[in-house]
Amino acid sequence: MKTYSARPAEVQRSWLVVDGEGRTLGRLATQIATVLKGKHKPIYTPHIDTGDHVVVINAAKIKLTGMKSGQKVYHRYTGYPGGLRSEQFDKKLARRPEAVVEDAIKGMLPHTKLGRAMAGKLKVYRDDKHTHEAQKPEALKLVQKGS
């Protein structure tokens with residue numbers, strides 16, 4: 001037996017579309033991160049980007065469970081003394097829902113050059129309109145808790 005190792009030229013990428021309406025943020029993000037990494041394919045190789053392109057629509061209609069929507073806070077640092085900036089989840093979701101979904105998914109990818117390449121295949125849109133109809137994206141069937 002020889003262990004198969006995928007080569008970048010052999011990877012066939014497909015376009016998938018995911019509807020985020022009514023989905024829980026973390027559960028949605030883990031399943032999308034798995035597809036971006038390529039772990040759903042039999043040719044998965046850890047050091048090669050074997051993932052597919054993913055288009056997420058209706059990012060503004062995602063939800064969090066429990067009381068997290070009122071308690072979750074995003075922090076960032078400007079780089080200047082005293083430059084800590086904080087924003088609550090509710091406000092960030094209203095202002096930039098795409099960033100909320102992107103941050104959740106990118107946090108589940110490797111924090112390397114390979115992870116940045118995987119994140120480049122992620123496209124997130126606030127509502128149900130996207131500009132990737134020419135790629136003919138297929139609907140991605142996600143596993144939902146309780147079904």
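Treat the numbers as computed from the prediction; the structure is a model and nothing was measured.

Draft legend 1. Looking closely at unusual backbone geometry. A positive phi angle is found at Asn58, which is not glycine, with a value near 60°. Residue class for Asn58 comes out buried when judged on its relative accessible area of 5%. Even without being glycine, Lys136 reaches a positive phi, approximately 50°. By the element assignment, Lys136 lies in the loop between strand 5 (122–124) and strand 6 (138–139).

Draft legend 2. Main features of the pattern of salt bridges. As enumerated under the stated definition, the model contains seven salt bridges in all. A salt bridge links Arg95 to Glu87; its shortest N-O distance comes to 2.8 Å.

Draft legend 3. Geometry of the nonpolar core. Leu25, Ile32, Val54, Val101 and Leu122 are the most contacted members of the largest nonpolar core, which totals 27 residues. Ranked by residue count, the leading element in this core is helix 1 (residues 25–37), at seven residues. Excluding anything up to four places from it in sequence, Val54 contacts Leu16, Val18, Ile32, Val35, Leu36, Lys121, Leu122 and Lys123.

Draft legend 4. Here's a closer look at helix 1. Helix length check: helix 1 (13 residues) gives 18 Å between terminal C-alpha atoms against 18 Å at 1.5 Å per residue, within 8%. Turning to helix 1, its buried residues number three or more, namely Leu25, Leu28, Ala29, Ile32, Ala33, Val35 and Leu36. Within helix 1, the buried residues cover an arc of 160° as seen down the axis, which keeps them to one side. A positive phi of about 95° marks Gly38, the residue just after helix 1.

Criteria and thresholds
- Here the residue index of a chain counts from 1 through its sequence in written order.
- Side-chain atom pairs in this predicted model are given and counted only at pLDDT of 80 or more, local residue features only at pLDDT of at least 70, and totals for whole chains, interfaces and linings cover all residues.
- Only heavy atoms go into the side-chain values, all of them from the structure, while hydrogens and water stay out.
- For every residue, the accessible area obtained with a 1.4 Å probe (protein chains only) is divided by the maximum for its type, and the residue is called buried under 20%, exposed over 50%, and partly exposed between those limits.
- Strands are runs of DSSP state E lasting at least 2 residues, helices are runs of H or I lasting at least 4, and numbering of each runs from the N terminus.
- A side-chain nitrogen of Lys or Arg and a carboxyl oxygen of Asp or Glu constitute a salt bridge if their distance falls within 4 Å.
- Side-chain atoms within 4.5 Å link the members of a nonpolar core, which is a set of buried Ala, Val, Leu, Ile, Met, Phe, Trp, Tyr and Cys residues.
- Two residues qualify as a contact provided that any one of their heavy atoms is within 4.5 Å of a heavy atom in the partner residue.
- Helix span, expected: 1.5 Å multiplied by one less than the number of residues in the helix.
- This arc is taken over the directions from the axis of the helix to the C-beta atoms.

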